[in-house]
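Report on the structure
Listed here are the chains, written in short residue letters.
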Amino acid sequence: MTLLEVSGLRVTYPQGFRRPDFNAVNGVDLEIGEGETIGLVGESGSGKSTIGNAVLGLAPVSGGSIRFDGKDISKAKPRQRRLLSEHMQVVFQDPYGSLNPSRTIGQTLAEPLRVHRDLSPTATRSEVSAMLERVGLRDSDAQRYPAAFSGGQRQRIAVARALMVRPKLVVCDEAVSALDLSTQAQVLNLLKDLQAEMGMSILFISHDLAVVRYMSSRIVVLYRGEVMERGTTRDIYASPTHPYTQKLVAAAPIPDPDRRTMQT
Ligand SMILES: Nc1ncnc2c1ncn2[C@@H]1O[C@H](COP(=O)(O)OP(=O)(O)OP(=O)(O)O)[C@@H](O)[C@H]1O
Ligand SMILES: [Mg+2]
């Protein structure tokens, strides 16, 4: 079953007085099945985040459609968006920026439950502590603030927050790009394990083809707001057809000893 179907997506940003609008995303098609991970890769500025943001309702859709669970959500109103957030969550690159520094981890993780579930304080606390444990943190971490954690731990917290309400789709936008290689591998494996348990779909956005390859069954290669190439991860790697993809593959060779822990 298809969970997310993006067709002919266009996102146009105004550039100010007497300057033509900028087409950040120009007719992009993309499909994600239930429980599947699609990798979206491309150079900086190619429009990857813009696509993720359009799916999340954070970028203006000027053409095409975004169907989620069979419904077009490209023009969803704020109220519909709030309801959708139960099924669609995001993990950004910098959880330091997205975790509220003045709230404890426990408060941050309880927030999605408060919005979408009607749980007693005791039930909420036990859900929070189960999730903390699941992502490799301690129950007592609920009392601490974001500043007290390392980058890798903060990314685990961001993953925990995204999964509190068991969403159907998680958009991961450069979710491990700020981490060192071994921490990257840990967080990626955590995501994979949680996906195997919970069955969510992932739109996995990264400029790093090696990371995308590790996570995704299919890859979409973006260049200047357009899809250059798409296919199974295996096919893209075995025979990249587009010159841009060939360059990407050449720049992300498989036998890299530092990344060996991440190879399947
Ligand atoms: N809110 C905005 N207003 C105007 N232009 C924007 C806005 N957001 C993005 N852009 C432009 O759209 C283009 C695509 O940006 P986007 O952030 O989607 O790229 P990206 O592929 O995610 O890049 P990176 O790998 O650096 O994160 C860029 O040229 C960017 O400057
Ligand atoms: Mg980006």
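Residues numbered from 1 in each chain as written. Chains lettered and ligands numbered in written order. Predicted model: local features only at pLDDT ≥ 70, side-chain atom pairs only at ≥ 80, totals over all residues. Heavy atoms only, no water.

1. Let's talk about the pattern of salt bridges
Applying the stated criterion across every chain, the model contains 7 salt bridges. The closest approach of N and O atoms between Glu 86 and Arg 117, which form a salt bridge, is 2.9 Å. Note that Glu 86 is positioned in the loop between α2 (78-84) and β6 (88-91) and Arg 117 in the loop between α4 (105-116) and α5 (121-134), a separation of 31 residues in sequence. Looking at Glu 86, the relative accessible area reads 23%, which means it is partly exposed. (Salt bridge = Lys/Arg side-chain N within 4 Å of Asp/Glu carboxyl O. Helix = DSSP H or I, 4+ residues; strand = E, 2+ residues; numbered from the N terminus. Buried < 20%, exposed > 50% of the residue type's maximum accessible area, 1.4 Å probe, protein only.)

2. Remarks on the domain arrangement of the protein chain
Per the domain assignment, the segments making up the protein chain are domain 1 (2-87 + 168-262) and domain 2 (103-166). The gap between the C-alpha centroids of domain 1 and domain 2 is 25 Å. Facing the 18 residues of domain 1 at the interface are 13 residues of domain 2. The contact between domain 1 and domain 2 buries some 1300 Å² in all, and 66% of this surface belongs to carbon and sulfur atoms. Taken as a group, Glu 86, Leu 190 and Met 198 account for 40% of the area that domain 1 buries against domain 2, more than any other trio of residues on that side. At the surface where domain 1 touches domain 2, the tally comes to 2 salt bridges. (Domains from an automatic or database assignment. Contact = heavy atoms within 4.5 Å. Buried area = accessible area lost by both parts, 1.4 Å probe.)

3. Digging into the sheet that holds strand β7 (residues 169-173)
Read from one edge to the other, the open sheet built from 6 strands follows the order β6-β7-β8-β3-β9-β10, with strand pairing classed as mixed. Strands with a single pairing partner mark the edges of an open sheet, and in this sheet they are β6 and β10 (226-232). For this sheet, the mean angle separating the axes of adjacent strands, direction not counted, is 15°. The pairing of strand β3 (residues 37-42) with strand β9 (residues 218-223) spans 5 bridges and is parallel. Across the sheet, the residue bridging to Gly 42 is Leu 222, located in β9. This element, helix α6 (residues 151-163), spans β6 and β7 of the sheet and lies at about 175° to β6. Helix α7 (residues 181-198) contacts β3, β7 and β8 (201-206) of the sheet and is inclined by roughly 160° relative to β8. (Pairing = 2+ DSSP bridges. Axes fitted to C-alpha atoms, helices over the stretch in contact; angles between N-to-C directions.)

4. Remarks on the packing of aromatic side chains
Taken as a whole and assessed by the stated rule, the structure comprises 1 aromatic pair. Between the aromatic rings of Tyr 223 and Tyr 244, the centroid separation amounts to 4.8 Å while the plane-to-plane angle is 40°, which identifies the pairing as tilted. Of the two residues, Tyr 223 is situated in strand β9 and Tyr 244 in helix α10 (residues 243-251); the sequence distance between them amounts to 21 residues. By relative accessible area, which is 9% here, Tyr 244 ends up buried. Over the ring of Tyr 237 we find Arg 213, and its NZ or CZ is 4.9 Å from the ring centre. (Phe/Tyr/Trp six-rings, centres within 6.5 Å; stacked < 30°, edge-to-face > 60°. Lys NZ or Arg CZ within 6 Å of the ring centre and 35° of its normal.)

5. Points about unusual backbone geometry
Not every positive phi belongs to a glycine, and Asp 69 is a case in point at roughly 55°. By relative accessible area, Asp 69 is classed as partly exposed at 31%. One non-glycine residue, Glu 174, adopts positive backbone phi at about 50°. Considering the arrangement of structural elements, one finds Glu 174 in the loop between β7 and α7. Assessed through its relative accessible area of 10%, Glu 174 is described here as buried.

6. Notes on the site of ligand 1
Near ligand 1 the following residues occur: Tyr 13, Phe 22, Ala 24, Glu 43, Ser 44, Gly 45, Ser 46, Gly 47, Lys 48, Ser 49, Thr 50 and Glu 174. The separation between an oxygen atom of ligand 1 and a polar main-chain atom of Ser 46 is 3.2 Å. Those elements that provide at least two residues to the shell around ligand 1 are β2 (22-33) and α1 (48-56). Examining the composition of the shell around ligand 1, we find that 3 residues originate from one element, α1, more than from any other. Split into classes, the residues belonging to the shell around ligand 1 amount to 3 nonpolar, 6 polar and 3 charged. (Near = heavy atom within 4 Å. Polar contact = N/O pair within 3.5 Å; in protein donor to acceptor, adjacent residues only side chain to side chain. Nonpolar A, V, L, I, M, F, W, Y, C, P; charged D, E, K, R; others polar.)

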